[in-house]
Amino acid sequence: MQRTLADILEAAAHGAFPPPDGGTTVVPQPCRRDAGVIAFTGHSVVFTDEDHQWVRRTLAAVACDPLAATMNPRFLAALLDRTGRSMDTIDLLTVASGLAGDPPLRLTELTDADHPREARARRRRTDVRLWAADGGVIVIGRGVAGRWEVAIEVDDERRHRGLGRALATAARHLVPDGQPLWSQQAAGNSRSVRAFQAAGFRPVGAEALLLGA
């Protein structure tokens, strides 16, 4: 197994996943901001600076299928209590390769934006950039372990017209140097899941991101 979360994510972006052996890898947080859990097929990664033996003891005490323990609410609640953090939801974690050339969508970069999406993104990402399209917004920045992440927003009156897919596709042309581009979608947000998968984003796992104060 790779020794850092960045190594694990880089390998997963290129289709090389942790072994589906039912195990759990515990690695340090890549930075103070980022802690959480990623569940791949048959193998989970917990990234935290808490005592690793505590993590394993707590997982072993969860009364559920061991394969599900890292995403079980009892374990996540224990980890949140121990770290004093909060979380929103468990997301579907997806990734796509960068694409060459200009985006197939007219975009305007907003360099002096005071957009709610930008303010929210800056709490979780660095190097944030924002683009506006007719009826939507793309936000790209460096998130967990320095990976490039994208979020999109479609205006209510422009929904159901394929704009979400177009924005997600355009984002693949905006990521620097053609690097992998990651995105998280709430599992219940089927509209967003469909848009990103139609734009070529591949599901790689589930992610519970623990948010600091």
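Predicted model, so just to flag it, every value in this text is computed and none were measured.

K.L.:
How should the overall build of the protein chain be read in this particular structure?
P.N.:
Along the protein chain, the regular secondary structure elements total 6 helices and 10 strands. Against the compact-globule benchmark of 17 Å for 213 residues, the protein chain has a radius of gyration of 18 Å, which places it among compact chains. Counting every position in the protein chain, which comprises 213 residues, the buried fraction comes to 46%. For the protein chain, restricting intrachain contacts to residue pairs at least 6 apart in sequence, the fraction spanning at least 24 positions comes to 62%. Total accessible area on the protein chain stands at roughly 10,700 Å², and carbon and sulfur atoms take up 48% of it.

K.L.:
Which parts of the structure should I look at to understand the pattern of salt bridges?
P.N.:
When charged atoms on two side chains of opposite charge get close, those side chains can pair. On inspection of all chains with the given rule, the structure shows 8 salt bridges. Close ionic contact of Asp88 with Arg124 constitutes a salt bridge, the shortest N to O distance being 2.6 Å. Of the two residues, Asp88 is situated in the loop between helix H3 (73-83) and strand E4 (90-96) and Arg124 in the loop between helix H4 (116-122) and strand E6 (126-133); the sequence distance between them amounts to 36 residues. Looking at Asp88, the relative accessible area reads 57%, which means it is exposed. For Arg124, a relative accessible area of 33% corresponds to the partly exposed category. The network of salt bridges with common partners includes Arg125, Arg147, Glu149 and Glu207.

K.L.:
When you look at the environment of Ala12 in this model, what are you seeing that I'm missing?
P.N.:
Along the chain, Ala12 falls in helix H1 (residues 5-13). A relative accessible area of 1% places Ala12 in the buried class. Considering only alpha carbons, one finds Ala12 and Phe40, 28 residues apart in sequence, at a separation of 9.3 Å. Ala12 has contacts with Phe17, Phe40, Trp182 and Val204, leaving out every residue within four places of it along the chain.

K.L.:
Explanation requested: the sheet that holds strand E3 (residues 43-47) in the structure shown.
P.N.:
Within a sheet, each strand pairs with its neighbour through backbone hydrogen bonds, oriented either parallel or antiparallel. Across the sheet, which stays open at both edges, the 10 strands sit in the order E1-E3-E2-E10-E4-E9-E8-E7-E6-E5 with mixed pairing between neighbours. Each having just a single partner strand, strand E1 (23-27) and strand E5 (108-109) make up the two edges of the open sheet. Of the strand pairs in this sheet, strand E2 (residues 35-40) and strand E10 (residues 202-210) are connected by 5 bridges, and their pairing is antiparallel. The residue of E10 that forms the bridge with Val37 is Ala208. Running over the sheet, H1 touches E1, E2, E3, E4, strand E9 (181-186) and E10 and is turned about 35 degrees from E2. With respect to the sheet, H3 is in contact with E2, E3, E4 and E10, its orientation differing from that of E10 by roughly 45 degrees.

K.L.:
I would appreciate a short explanation of the nonpolar core in the present structure.
P.N.:
Note on soluble globular proteins: their nonpolar side chains tend to be buried together. Counting 20 residues, the largest nonpolar core has Ile138, Ile140, Val150, Leu167, Leu181 and Phe201 as the members making the most contacts within it. Listed by contribution, the elements that provide at least two residues to this core are E6, strand E7 (136-142), strand E8 (148-154) and helix H5 (163-172). At 5 residues, the largest contribution of residues to this core is made by H5. The residues contacting Leu181, other than those within four sequence positions of it, are Thr94, Val95, Ala96, Trp148, Glu149, Val150, Ala171, Arg172, Val175 and Phe201.

K.L.:
What exactly am I supposed to notice about the packing of H5 against helix H6 (residues 190-198) here?
P.N.:
Closest axis-to-axis distance for the H5/H6 pair is 8 Å, and the angle between their directions is 50 degrees. The angle between H5 and H6 places the two elements in the oblique class. For the crossing formed where H5 meets H6, the hand is right-handed. Contacts between H5 and H6 involve Gly164, Arg165 and Ala168 on the former and, on the latter, Ala195, Phe196 and Ala198. Its residues assigned to classes, the contact of H5 with H6 comprises 4 nonpolar, 1 polar and 1 charged.

K.L.:
What am I meant to see in the packing of helix H2 (residues 52-60) against H3 here?
P.N.:
To describe two helices that pack against each other, one gives the angle between their axes and the distance between the axes. At a minimum axis distance of 10 Å, the contact between H2 and H3 shows a crossing angle of 150 degrees. Comparing their axes, H3 and H2 come out roughly antiparallel. By crossing handedness, the relation of H2 to H3 is classed as right-handed. Contact residues: H2 offers Trp54, Val55, Thr58 and Leu59, while H3 offers Phe75, Ala78, Leu79 and Arg82.

The rules we used
The residue numbers shown here count from 1 along each chain, following its written sequence. The predicted nature of this model means local features are confined to residues of pLDDT at least 70 and side-chain atom pairs, given and counted, to a pLDDT of 80 or more, with totals for whole chains, interfaces and linings taken over all residues. The basis for every side-chain value is the complete set of non-hydrogen atoms in the structure, without hydrogens or water. Secondary structure is summarised from DSSP: a helix means a run of H or I of at least four residues, a strand means a run of E of at least two, and numbering begins at the N terminus for each. Throughout, the radius of gyration refers to the C-alpha atoms, and the reference size of a globule is 2.2 Å times the residue count to the power 0.38. When a residue's accessible area, from a 1.4 Å probe over protein chains only, is under 20% of the maximum for its type it is buried; when over 50% it is exposed; and in between it is partly exposed. We call two residues in contact whenever any of their non-hydrogen atoms come within 4.5 Å of each other. Areas reported here follow the Shrake-Rupley algorithm with a probe of radius 1.4 Å; residue values treat only the protein chains shown as occluding. Salt bridges are counted wherever a side-chain nitrogen of Lys or Arg sits within 4 Å of a carboxyl oxygen of Asp or Glu. Two strands form a pair only when DSSP identifies at least two bridges running between them. Fitted lines through C-alpha atoms serve as axes, helices being fitted only where they are in contact, and the angles separating the N-to-C directions of these axes extend from 0 to 180 degrees. Residue types Ala, Val, Leu, Ile, Met, Phe, Trp, Tyr and Cys, when buried and joined through side-chain atoms within 4.5 Å, form a set referred to as a nonpolar core. Relative orientations are named as follows: roughly parallel for angles under 35 degrees, roughly antiparallel for angles over 145 degrees, roughly perpendicular for angles from 65 to 115 degrees, and oblique for any other angle. Crossing handedness: left-handed means the near helix sits turned counterclockwise from the far one by under a right angle, and right-handed means the same turn made clockwise. As a working rule, the residues Ala, Val, Leu, Ile, Met, Phe, Trp, Tyr, Cys and Pro are called nonpolar, Asp, Glu, Lys and Arg charged, and the rest polar, with Gly in that last group.

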